[in-house]
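# Summary of the model geometry
Take a look at the letters that make up each chain.
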Amino acid sequence: MAKVNLVGVQTLDFETKEGNTVQGLKLHLTYQDDNVMGYKADSKFISKEACKNLGITADSLSEHIGKMVDLETNISGKIVSVNPA
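Residues numbered from 1 in each chain as written. Predicted model: local features only at pLDDT ≥ 70, side-chain atom pairs only at ≥ 80, totals over all residues. Heavy atoms only, no water.

### Quick look at the pattern of salt bridges
Following the criterion strictly, the structure yields 2 salt bridges and no others. Two residues, D70 and K3, come together in a salt bridge whose shortest N-O distance is 2.9 Å. Taken as a pair, D70 in strand β4 (residues 67-73) and K3 in strand β1 (residues 2-15) lie far apart in primary sequence, 67 residues in all. The shortest N-O distance in the salt bridge between D33 and K40 comes to 4.0 Å. Overall, the relative accessible area of 34% leaves K40 in the partly exposed class. (Salt bridge = Lys/Arg side-chain N within 4 Å of Asp/Glu carboxyl O. Helix = DSSP H or I, 4+ residues; strand = E, 2+ residues; numbered from the N terminus. Buried < 20%, exposed > 50% of the residue type's maximum accessible area, 1.4 Å probe, protein only.)

See below:
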């Protein structure tokens, strides 16, 4: 589990050049990293299906924007939970 600052939530819904549909949420995060002066910025994608299974919505995350959250991932690095820190 990692403590990160949730700085933005972006809803994605678009078609790729290959014709595939991408739907879900992109979480924009900052966190401290030993190799960076200041904060490192990153983003993580959660598919629409994973959001549904985890009970995560853009609205449920919006109240946490600008706050520290606990971000838990599985062995593959996919988000399995986002909770207030």
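After presenting the structure, the write-up continues.
### Re the sheet that holds β4
Strand order across the open sheet formed by 5 strands is β3-β2-β1-β4-β5, with antiparallel pairing between neighbours. Looking along the sheet, the strands with just one partner apiece sit at the ends: β3 (40-47) and β5 (79-84). Mean inter-strand twist for the sheet, computed between neighbouring axes without regard to direction, equals 35°. When β1 meets β4, the two strands line up antiparallel, connected through 5 bridges. Residue pairing across strands places L6 opposite K67, the latter belonging to β4. (Pairing = 2+ DSSP bridges. Axes fitted to C-alpha atoms, helices over the stretch in contact; angles between N-to-C directions.)

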